[in-house]
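Spelled out, the chains give:
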Amino acid sequence: MNGILNIFKPKGMSSFDVVRVVKKVAKTGKVGHTGTLDPEATGVLPVCIGRATKIIDYIMDSEKVYEVTFKLGIRTTTYDLEGEILEERDPSNLKNEDILDVVKGFIGEYSQVPPMYSALKKNGVRLYELARKGIEVEREGRPITIYDIKDIEINLPYISMEVTCSKGTYIRSLCYDIGEELKVGACMTELRRTETSCFHERDSINIKDLTSENIHNYIISIEDALKSYPKLKVNEGFSKLLINGVRVMDRRLTNEKIDNNILYRVYDENDKFLGLGKRELNGFKIEKLLI
C-alpha cells in the first residue's frame, strides 16, 4: 500500500495516536504524518504510507490554513489553556480598531520565537521535556510568513480568525505575540487546521471512521499529492540519465521552459512520473526519485 490519507484528527488524539491507528488499519509499519497537530487541536493531518513517506517533507513544506480562537488578558506557560496561568490582565479597555491594526500587522514575514512546549530540539533534547522540568532556555527566532489573516471576529476577550501561513509557523506563538503587542497577553483556546498543501478538510476522513475495509477508498496517489508542483516532460533519451542521478546540462532535455530553483514533477517521454527535479546553475537533476 503506497499513498497518502487525508485524515481529520479529532480532539484528544495526538498525531502519533493517528499514525498508530493507520499502521494497524493498513497493516504496515511504514507510516508517517506530515506535521504535528497538538492533542487538543483538530483538523487535517495527511498521513503517508509506504513509498509515500518519501514525500513527507514536500507536503510539510507547503502553506497551511488554520481557524483559531484566542483569549486576550491571559498568559500561560504553553501559550494555550493546557498550561499554567502566569498572569491575567483586563483587556476590556482595548478598542476594536487597535486590535485589528495589531493583528493585521503580523501579515508578512517575521521572526517567530517557538514556544517552550514544542517538539523542537535544543542540544538534542525536546523543548517540551525541558519545560516539564521547569527549565526555560533561550530560543532563536525563526523566519516564518503569515500570508493572510482574514475573517477576524472580536468578542472581547476572545478573537477568532483564519490564518494562512508558511511551514514552521506556531499559531500558539502568533496568538502569544499578538497579546504581547497589545500589552495584555493572550493564549490560544481553539485550533483547527483546514488545509495543508492540496489537502482540504472537506475531503478528509475522520480517523475514527477509517477501517481496513474502506481504507483503499481514501488512498491518494503520490503523484496526485504533488499536483501543486508544475509538470515538466523530458525528451526521449534523458529519462535514464535522470533516473541514474546524472545532472543534465543539455538544452535538449525538454521542449518546455524551465525556471531555475523551481521544483518540478518530472515525466518521461511516455508521460511516466519519475519524481521531483530542479534546475540549478550547473544543470537539471532529480532531487527525489519516486519510481
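Coordinates for the structure precede this section.
Residues numbered from 1 in each chain as written. Predicted model: local features only at pLDDT ≥ 70, side-chain atom pairs only at ≥ 80, totals over all residues. Heavy atoms only, no water.

(A) The nonpolar core, seen in detail. By size, the foremost hydrophobic cluster in this structure holds 46 residues, and its most contacted members are Val 22, Leu 72, Met 161, Val 163, Ile 171, Ile 178 and Leu 210. Non-local contacts of Leu 72, meaning those with residues more than four positions away in its chain, are made with Pro 91, Leu 94, Ile 99, Leu 156, Pro 157, Ile 159, Gly 179, Leu 182, Val 184, Gly 185 and Ala 186. Ranked by size, the runner-up nonpolar core spans 18 residues in total, among them Cys 48, Ala 225, Leu 226 and Tyr 267. (Core = buried A, V, L, I, M, F, W, Y, C linked by side-chain atoms within 4.5 Å. Buried < 20%, exposed > 50% of the residue type's maximum accessible area, 1.4 Å probe, protein only. Contact = heavy atoms within 4.5 Å.)

(B) Seen up close, the side chain of Thr 145. Summarising the element assignment, Thr 145 is placed in strand β10 (residues 142-155). On the basis of relative accessibility, which here comes to 17%, the residue Thr 145 falls in the buried class. (Helix = DSSP H or I, 4+ residues; strand = E, 2+ residues; numbered from the N terminus.)

(C) Seen up close, the sheet that holds strand β16 (residues 231-233). As summarised here, the arrangement of the 4 strands in space is β16-β17-β18-β19, forming an open sheet in which the pairing is mixed. The two strands at the open ends of the sheet, each matched to only one other strand, are β16 and β19 (283-289). Shown here is a sheet whose adjacent strand axes are inclined to one another by a mean of 40°, direction ignored. Alignment of strand β17 (residues 264-267) against strand β18 (residues 273-280), held across 4 bridges, turns out to be antiparallel. By the bridge assignment for β18, Arg 265 is matched with Leu 276. (Pairing = 2+ DSSP bridges. Axes fitted to C-alpha atoms, helices over the stretch in contact; angles between N-to-C directions.)

(D) Main features of the packing of aromatic side chains. The final tally for this structure, using the stated rule, is 3 aromatic pairs. Above the ring of Tyr 267, the side-chain terminus of Lys 231 is found at 4.5 Å from the ring centroid. (Phe/Tyr/Trp six-rings, centres within 6.5 Å; stacked < 30°, edge-to-face > 60°. Lys NZ or Arg CZ within 6 Å of the ring centre and 35° of its normal.)

(E) Layout of the pattern of salt bridges. Taken as a whole and assessed by the stated rule, the structure comprises 15 salt bridges. The salt bridge involving Glu 180 is made with Arg 75; its shortest N-O contact spans 2.7 Å. Taken together, the residues span a long stretch of sequence, with Glu 180 in helix α5 (residues 171-181) and Arg 75 in strand β5 (residues 74-76) at a distance of 105 residues. With a relative accessible area of 14%, Arg 75 lands in the buried category. (Salt bridge = Lys/Arg side-chain N within 4 Å of Asp/Glu carboxyl O.)

(F) Looking closely at helix α1 (residues 15-26). Here α1 contains 12 residues, and its C-alpha end-to-end distance of 16 Å stays within 8% of the 16 Å for a straight helix at 1.5 Å per residue. Along α1, the residues classified as buried are Ser 15, Val 18, Val 19, Val 22, Val 25 and Ala 26. Down the axis of α1, the smallest arc covering the buried residues is 130°, so these residues share one side. Exposed residues pointing more than 90 degrees away from the buried face of α1 are listed as Phe 16, Arg 20 and Lys 24. If you follow the buried residues of α1, they end up packed against β1 (3-9), β2 (31-33) and β3 (42-49). Directly after α1, the chain includes Lys 27, whose backbone phi takes a positive value near 55°. (Expected span 1.5 Å × (residues − 1). Arc of directions from axis to C-beta.)

(G) Examining helix α3 (residues 96-104) more closely. Listing the buried residues of α3 in full gives Ile 99, Val 102 and Val 103. For α3, the angular spread of the buried residues around the axis is 100°, confining them to a single face. Elements that come into contact with the buried residues of α3 comprise β4 (64-72), β10, β11 (158-165) and α5.

(H) Representation of the pairing of β1. With 7 of its 7 residues buried, β1 lies for the most part within the structure. What you see with β1 is no split at all: Gly 3, Leu 5, Ile 7 and Lys 9 on one side and Ile 4, Asn 6 and Phe 8 on the other are buried throughout. With 2 bridges joining them, β1 and strand β15 (residues 219-220) adopt antiparallel strand pairing. Note on β15: the bridge partner recorded for Leu 5 is Ile 219. Both β1 and strand β14 (residues 205-206) contribute to a ladder of 2 bridges, which runs parallel. In the strand pairing of β14, Ile 7 is matched with Ile 205.

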